[in-house]
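# Structure assessment
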Amino acid sequence: METIGDRLKAERLRLGLTQEEMAGVAKVARSAQANYEKGERSPDTQYLALACGAGVDIGFVITGVRTGIPNKLFDARTLAFCEKFQRADEVDRQFVERFLNLLDRNN
């Protein structure tokens, strides 16, 4: 029988993420990600919520039953960009916003 760790790894691979990338999305160390996949530790709800935002079918991870509902809101690259934007100071955020507005006007 598949374990939560097996299903978590399957979801990570389905999304085309490395352990390092998945760990970054879910804000854990790569070693924690490896431990989850090996079944040595269980992910907490914060991890699962962040993983869900990256497209992981957490219903499947927990129960083994696919929900059939695509939940990939953002790819890993977009999530990484958003995280960097959140950490930026106000001046840098305004710069990025002006740049994106300029792109909008040109399209």
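Going by the structure above, here's the rest.
These notes cover the structure that comes with them. Just so you know, these numbers come straight off a predicted model, no measurement behind them.

A count of helices and strands for the protein gives 7 helices and 0 strands. Along the protein, helices and strands appear, N-terminal first, in the series α-α-α-α-α-α-α. The buried share among the 107 residues of the protein stands at 28%. Across the protein, every contact between residues at least 6 apart in sequence was considered, and the portion connecting residues at least 24 apart equals 48%.

A few words on the environment of Gly-39. With respect to the secondary-structure elements, Gly-39 resides in the loop between helix H3 (30-38) and helix H4 (45-53). Given the relative accessible area of 52%, Gly-39 is considered exposed. Expressed as a C-alpha distance, the spacing of Gly-39 and Ile-4, which sit 35 residues apart in the sequence, is 7.1 Å.

Inspection of the secondary structure puts Arg-7 in helix H1 (residues 4-14). Looking at Arg-7, the relative accessible area reads 7%, which means it is buried. Those residues in contact with Arg-7, other than ones at most four positions away along the chain, are Glu-2, Phe-60, Val-61, Ile-62, Thr-63 and Gly-64. Of note is the side chain of Arg-7, whose polar atom sits 2.9 Å from the backbone oxygen of Val-61.

Turning our attention to a nonpolar patch on the surface. Residues Phe-81, Phe-95, Phe-99, Leu-100 and Leu-103 make up a contiguous nonpolar surface patch of roughly 490 Å² in combined accessible area. A per-element tally of the nonpolar patch places helix H7 (residues 90-106) first, with 4 residues. Assignment of secondary structure puts Leu-100 in helix H7.

Moving on, we get to the pattern of salt bridges. For the structure on display, the rule yields 3 salt bridges. In this structure, a network of salt bridges that share partners links the residues Glu-11, Arg-14 and Arg-66.

Right, let's get into the packing of H1 against H3. At a minimum axis distance of 6 Å, the contact between H1 and H3 shows a crossing angle of 120°. By the angle between their axes, H1 is oblique relative to H3. In this structure, H1 contributes Gly-5, Asp-6, Leu-8, Lys-9 and Arg-12 to the contact, and H3 contributes Gln-33, Tyr-36 and Glu-37. Grouping the amino acids of the contact of H1 with H3 by side-chain chemistry returns 2 nonpolar, 2 polar and 4 charged.

For the coordinates displayed, the defined rule picks out 2 aromatic pairs. Note on Tyr-36 and Tyr-47: the rings are 4.9 Å apart at their centroids and 70° apart in plane angle, and the pair reads as edge-to-face. Placement of the pair is Tyr-36 in helix H3 and Tyr-47 in helix H4, with a sequence separation of 11 residues. With respect to burial, Tyr-36 and Tyr-47 carry one shared label: buried. Judged by centre distance (6.5 Å) and plane angle (20°), the ring pair of Phe-81 and Phe-85 falls under stacked. In this pair, Phe-81 and Phe-85 both sit in helix H6 (residues 76-87), 4 residues apart, roughly one turn of the helix. For Phe-81, a relative accessible area of 44% corresponds to the partly exposed category.

Basis of the calculations
- Residues numbered from 1 in each chain as written.
- Predicted model: local features only at pLDDT ≥ 70, side-chain atom pairs only at ≥ 80, totals over all residues.
- Heavy atoms only, no water.
- Helix = DSSP H or I, 4+ residues; strand = E, 2+ residues; numbered from the N terminus.
- Buried < 20%, exposed > 50% of the residue type's maximum accessible area, 1.4 Å probe, protein only.
- Contact = heavy atoms within 4.5 Å.
- Polar contact = N/O pair within 3.5 Å; in protein donor to acceptor, adjacent residues only side chain to side chain.
- Patch = residues over 30% accessible without salt bridge, like charges linked within 9 Å, V, L, I, M, F, W, Y side chains within 5 Å.
- Areas by Shrake-Rupley, 256 points an atom, 1.4 Å probe, with all protein chains shown as cover.
- Salt bridge = Lys/Arg side-chain N within 4 Å of Asp/Glu carboxyl O.
- Axes fitted to C-alpha atoms, helices over the stretch in contact; angles between N-to-C directions.
- Parallel < 35°, antiparallel > 145°, perpendicular 65-115°, else oblique.
- Nonpolar A, V, L, I, M, F, W, Y, C, P; charged D, E, K, R; others polar.
- Phe/Tyr/Trp six-rings, centres within 6.5 Å; stacked < 30°, edge-to-face > 60°.

Worth remembering: the numbers are spatial, not functional.
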